[in-house]
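Examining the three-dimensional arrangement
Below are the chains, spelled out letter by letter.
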Amino acid sequence: MSGLLIILAAFFLPLFPASLVFNRLAAGTTNPFARLALFIVWPQIGVALILWGDLAPAGTVLATWATLSAIFYAFRMLTVREVGRWAAMLASSAWPLVWLFVMQGPTAADLIAFTLAMTVAPVLMLLVRDALARRLEAAYTGLHGGLARDLPRLSGVIAVVTLAAMALPLFPGFFALLSVLSGATLGVALGILVTWLLWSWAGARLLQGTIFGPRSGPIADDLPRSTTWLVAGLVVMMVAAGLIWTGGAV
Amino acid sequence: MIELQWLIPLLPFLAALLVHLLGGRMGKRVARLSVGINLLVVVVAAFQLTAYIAGDTGPQWMGLANGWGSLQLDPLSAIMALVVSGISLVVHIYSVRYMIEEPGYGRFFMLLDVMTGSILLMVMAGDLITLLIAWHLIGVVLYFLLAHNTEPPTAQRYAFWTFITYRLGDLPLVLAAVILFQAYGVLDFPTLFERIAEMPDVRTFMDLPVTGTVAFLVALSAFAKSAQFPLHTWLPYTMEGPTPVSALMHAGIVNAGGIIINRFAPVFVHSGEILHLLFVVGLVTALIGSVLMLTQNDIKKSLGYSTMGQMGFMIMETGAGAFALAIFHLIAHGLFKGTMFLGAGNVIGAARKHDGVPNDPLYDFLVERKSAPARLPWLIIGAVTLIVPLVILVMAHAWVAEDFFQKQGAIVLLFFGWITGVQVLFATHRLDSENPVRMMALIILSFALIVVGYSFVGHSFETFLYPDEVFRNALYHAAGIDAVTFDMLVILLALIVVLGWMGAYLTNVRRQRIDEGHGNARLTLYSLFSREFYVADVYDRMTVTLLDFSKRLNVWLKWS
């Protein structure tokens, strides 16, 4: 029973090749709200399965599988240009780390919080995707670059969200990674660090393909001031939540 | 007193926030706000250092919570806070006019303030997590500062090189922090270092010693941040960024490696092998940086490689056990390199008016009616060049510490001091002068003053940073090697150096063309230098291969 539940949960806290299902589903969902809901709810179903089945997965095979899945999708993010798919691959790279956290025997609240911390950046990136698609007809990096010159507010939001995707301080992903690293073995720790590095590389490529470089593409309106403040408030709230969650101690 | 310490990193972050919020209303005047707050930071840092020296309270620590979010006040943090805030203030003042016509004026000052705050947080961090936060932030903010001019592709390309190298350097420090936390169960530095001193032989993954493993990881981190070979390629190429950023980077940010090694001195004292590694990597970096500096025809790139060489010396000093000297070196280097960068524009402007190429002596003699330059006999100058610097150095060091001959690290540094002195006198001999005796005497006097001053200040500085003599000696002892091997190495190096000088002298006397004799070998060497040993090309090829593989995987899996 527990084996079956683990296999089922591997679709929701996606481990390759089960992760193909989530990525196809994310690519096929065109409604922005439905996509947001998918990104928020999907991993929590996996968490719910683990909590419901009182699963205590352990063992080198599962840890290796989760680590390799995370690295695999982080590596593939390097050459993804469509921002929506980029967000889905980020999620497919971040959510396998939940398995590694589960192996450390956290409380239910900590497990849910960790999963949310790993979900924040992909969800924010979906918002960026919609903002880009609405203004530039398509949300492709490298297609219409140099946004920093004409659209400073949108560029600022893209930069902040990308930093969150790279799990840099003080975003929740940073503390979540430190949490999982604090109980990791050497192999798993090295795998997580490689994943982290690849996120940074992919994030820098995303920035270079959107906000930096010579301006090209159609003329577009910048993000309204009120929306920018809203996003800023959302980010501050998430940072604060992350800090409260870590409670000043790992 | 420790409560005031919080103001030092927090004020620049506050300045950044105010610059961002008030930028629209205040326009260009927002820079003055930033300068004003940074001036306040310098005043607080100077007060804290003075109070620390006068108060005799010893190191202090204060945390916000029971885990992380803490600062400490100790000699290293007090002195570095003043240096960093001082250099940052100069860069701020310089930027007020220099950046006035650049787009994103307010953004530049905001980023400069965040960078200042991050470096200050790094030097004063009281626990592992706070240190990691600051360590990560430095790389990220530097990326945005270097890419401040958002359009030129080259600026973006080299900003990315810097960013990814810094990220490579961030991650070993994360692993080091994880290992320390797993082994000792604490985050704050005072308790952590106490436990390390009590239990230095704790083992970690694969039964490796914690201290050795952590020292190795910290060293890797320092190599990336301080541009050690082969992680140096980003440094000379970041000149596309604004000049004030270059100044701040070369005077402050790149020194992070030396600071972090000093911060973890209680770990390195148990890791002799890693100190040897630091010495070798530093030496190789110093050599390569200096060689590449000489082959550049771009003043800023040449300064970049010069910094690489200096960073090599700094890391080498830590490898010789002279931790305090490395800090003294990075402060001195930061001050003079910052000045050079901020003055580079004036030098370029002056070169446009006058090329600086000296006249032919025959022209001076016939047209300018100047007497022909005279040279001292080479045998005399050879003896003076080799012996005088050694005598001055030995006497100066014996004056500040009688037992310095017992420390291998001190002898290594003496050796390099001797080489530098000889180079200076040799260069003086080659200068055209009407009165070569007077000029040589003045140069020897200046050299003696510098060495005596440096030895005295350096010794006082070491006593200030590491007041515990037992610990100081333990660092030198950990860096030591077998006496016979050490002596053989010193003799071998001395022979290589002397042979090099003889070769240079003979080449100069014979006026031999570069492509004569060993022409092909020399040209091959020169092409290696001009391509900077192909290190950047190798990285470029690796990047292309990896990206191609990633693309193929995505196509194969239909981007799912």
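Each chain has its residues counted from 1, running along the sequence as written. Each chain takes a letter, starting from A, and each ligand takes a number, starting from 1, following the order in which they are written. Predicted model: local features are reported for residues with pLDDT of at least 70 only, side-chain atom pairs are reported and counted for 80 or more only, and whole-chain, interface and lining totals are derived from all residues. The side-chain quantities take in all heavy atoms of the structure and omit both hydrogens and water.

Once that is clear, we can look at the overall build of chain B. Segments assigned H or I by DSSP are reported as helices when at least four residues long, segments assigned E as strands when at least two residues long, and all are numbered from the N terminus. When helices and strands are counted, chain B shows 23 helices and 2 strands. With the C-alpha coordinates aligned to their principal axes, the bounding extent of chain B is approximately 75 × 60 × 55 Å. Per-residue burial for chain B yields a buried fraction of 53% across its 560 residues. Areas reported as accessible are Shrake-Rupley estimates using a 1.4 Å probe. Residue values count occlusion only from the protein chains shown. When the accessible surface of chain B is totalled, it reaches about 25800 Å², and 67% of it is carbon and sulfur. In summary, the charge assignment counts Lys and Arg as positive and Asp and Glu as negative, without counting His or the chain termini. Each charge is placed at NZ for Lys, CZ for Arg, CG for Asp and CD for Glu. Across chain B, the centroid of the 33 positively charged side chains sits 12 Å from that of the 37 negatively charged ones. The cut-offs for exposure are 20% and 50% of the maximum accessible area for each residue type, with area from a 1.4 Å probe on protein chains only; residues under the lower value are buried, those over the upper are exposed, and the others partly exposed.

Here we take up the overall build of chain A. Helix and strand counts for chain A stand at 12 helices and 0 strands. Counted from the first residue to the last, chain A has its helices and strands arranged as α-α-α-α-α-α-α-α-α-α-α-α. Radius of gyration here uses only the C-alpha atoms, and the compact-globule reference equals 2.2 Å multiplied by the residue count raised to the power 0.38. Here the C-alpha radius of gyration of chain A, 18 Å, is about what a compact globule of 250 residues would show, namely 18 Å. In terms of its C-alpha atoms, chain A occupies a principal-axis envelope of roughly 55 × 40 × 30 Å. For chain A, the residues scored as buried account for 60% of the 250 residues in total. Throughout, a residue-residue contact means that at least one pair of heavy atoms, one from each residue, lies within 4.5 Å. Excluding contacts between residues fewer than 6 apart, the proportion of contacts in chain A whose partners are at least 24 apart in sequence is 81%. Accessible surface for chain A amounts to roughly 9400 Å². Of this, 70% is attributable to carbon and sulfur atoms. With 13 positive and 8 negative side-chain charges, chain A shows a spacing of 7 Å between the two charge centroids.

The salt bridge definition used is simple: a Lys or Arg side-chain nitrogen within 4 Å of an Asp or Glu carboxyl oxygen. Per the stated rule, a full pass over the model turns up 14 salt bridges over all chains. Measuring nitrogen to oxygen at the nearest pair gives 3.2 Å for the salt bridge that ties E82 of chain A to R129 of chain A. With E82 of chain A in the loop between α4 (60-77) and α5 (83-94) and R129 of chain A in helix α7 (residues 108-136), the pair connects residues that are 47 residues apart, well separated along the chain. Residue classification places R129 of chain A among the buried positions, given a relative accessible area of 18%. Among the ionic pairs, R167 of chain B bridges to D170 of chain B, the shortest N-O distance being 2.9 Å. Here R167 of chain B pairs with D170 of chain B, and both are found in helix α7 (residues 153-184), just 3 residues apart, close to one helical turn. When its relative accessible area of 1% is taken as the criterion, R167 of chain B is described as buried. Here D170 of chain B falls in the buried class, since its relative accessible area comes to 0%. The structure contains a network of salt bridges with shared partners spanning R35, E82, R129 and D130 of chain A.

The description of two aromatic rings rests on the distance between their centres and on the angle between their planes. The criterion for an aromatic pair is that two Phe, Tyr or Trp rings (for Trp, the six-membered ring) have centres within 6.5 Å, with stacked assigned to planes under 30 degrees apart, edge-to-face to planes over 60 apart and tilted to the rest. Counted by the stated rule, this structure contains 32 aromatic pairs over all chains. Ring centres 4.6 Å apart and planes at 45° place the aromatic pair F12 of chain A and W42 of chain A in the tilted group. With F12 of chain A in helix α1 (residues 2-12) and W42 of chain A in helix α3 (residues 32-52), this residue pair connects regions lying 30 residues apart in the sequence. Taking the relative accessible area as the measure of exposure, F12 of chain A reaches 15% and is therefore buried. Classification of W42 of chain A as buried rests on a relative accessible area of 10%. An aromatic cluster is built from F12, F22, F39, W42 and W95 of chain A, whose rings are joined through pairwise contacts. A cation sits over an aromatic face here: K28 of chain B above Y105 of chain B, 4.8 Å from the ring centre. The ring of W135 of chain B carries K225 of chain B above its face, with NZ or CZ at 4.5 Å from the centroid. Placement of a charge over a ring requires the Lys NZ or Arg CZ to be within 6 Å of the ring centre, with the centre-to-atom vector within 35 degrees of the ring normal.

This brings us to the packing of helix α4 (residues 75-98) of chain B against helix α10 (residues 243-251) of chain B. All names here are of chain B. Between the N-to-C directions of two axes lies an angle of 0 to 180 degrees, each axis being a line fitted to C-alpha atoms and, for a helix, fitted only over the stretch in contact. At their nearest, the axes of α4 and α10 sit 9 Å apart, and the two run at 170° to each other. The angle between α4 and α10 places the two elements in the roughly antiparallel class. Contact residues: α4 offers I87, S88, V91, Y94, S95 and Y98, while α10 offers T243, P244, A247, L248 and A251. Partitioning the contact of α4 with α10 into residue classes produces 8 nonpolar, 3 polar and no charged. To sort the angles, those under 35 degrees are grouped as roughly parallel, those over 145 as roughly antiparallel, those from 65 to 115 as roughly perpendicular, and the leftovers as oblique. Three categories are distinguished: nonpolar for Ala, Val, Leu, Ile, Met, Phe, Trp, Tyr, Cys and Pro, charged for Asp, Glu, Lys and Arg, and polar for the others, with Gly belonging to the last.

All names here are of chain B. Segmentation into domains, and thus their bounds, comes from an automatic or database assignment. One can read the domain layout of chain B as domain 1 (1-126), domain 2 (168-345) and domain 3 (368-512). A straight line from the C-alpha centre of domain 2 to that of domain 3 covers 25 Å. Counting residues at the interface gives 23 residues for domain 2 and 19 residues for domain 3. For the domain 2 face of the interface with domain 3, the top three residues by lost area are V269, A324 and F328, together amounting to 31%. Here the quantity called buried area is the total loss of accessible area, with a 1.4 Å probe, experienced by two parts when brought into contact, counted for both.

Attention now moves to the confidence of the model for chain A. Considering every residue of chain A, the mean pLDDT works out to 91; 98% of them sit at 70 or more. The element-level mean pLDDT for chain A is lowest in helix α8 (residues 147-150) of chain A, coming to 87, with α5 of chain A highest at 96. For every residue, the predictor assigns a confidence score, pLDDT, that lies between 0 and 100.

A few words on empty space enclosed by the protein. One way to see where empty space is left: roll a probe the size of a water molecule over the atoms. Residues and elements named next belong to chain A. Put plainly, a pocket is an open set of points on a 1 Å grid over the protein atoms alone with protein on both sides within 12 Å along at least five of seven lines, a cavity is a set where a 1.4 Å probe fits but cannot get out, and a lining residue has an atom within 4 Å of a point. Grid points are joined across faces, edges and corners, and a volume is the space filled by probe spheres set on the points. This model, assessed by the stated rule, comprises 5 cavities of 30 Å³ or more. For the largest cavity, the calculated volume is near 100 Å³. Ranked by the residues each element gives to the lining of the largest cavity, the list is headed by α7, at 5 residues. Broken down by class, the residue content of the lining of the largest cavity amounts to 13 nonpolar, 1 polar and no charged. Of the voids in this model, the second largest cavity is the one considered here, and its volume is about 80 Å³.

Moving on: the interface of chain A and chain B. Contacts between the two partners involve 52 residues from chain A and, on the opposite side, 44 residues from chain B. Of the roughly 4200 Å² buried between chain A and chain B, counting both surfaces, carbon and sulfur atoms make up 75%. If you sort the residues of chain A by the area they bury against chain B, F75, W201 and F212 of chain A come out on top, with a joint share of 15%. Summed over the shared surface of chain A and chain B, the result is 1 salt bridge. Measuring nitrogen to oxygen at the nearest pair gives 3.4 Å for the salt bridge that ties R149 of chain A to E151 of chain B.

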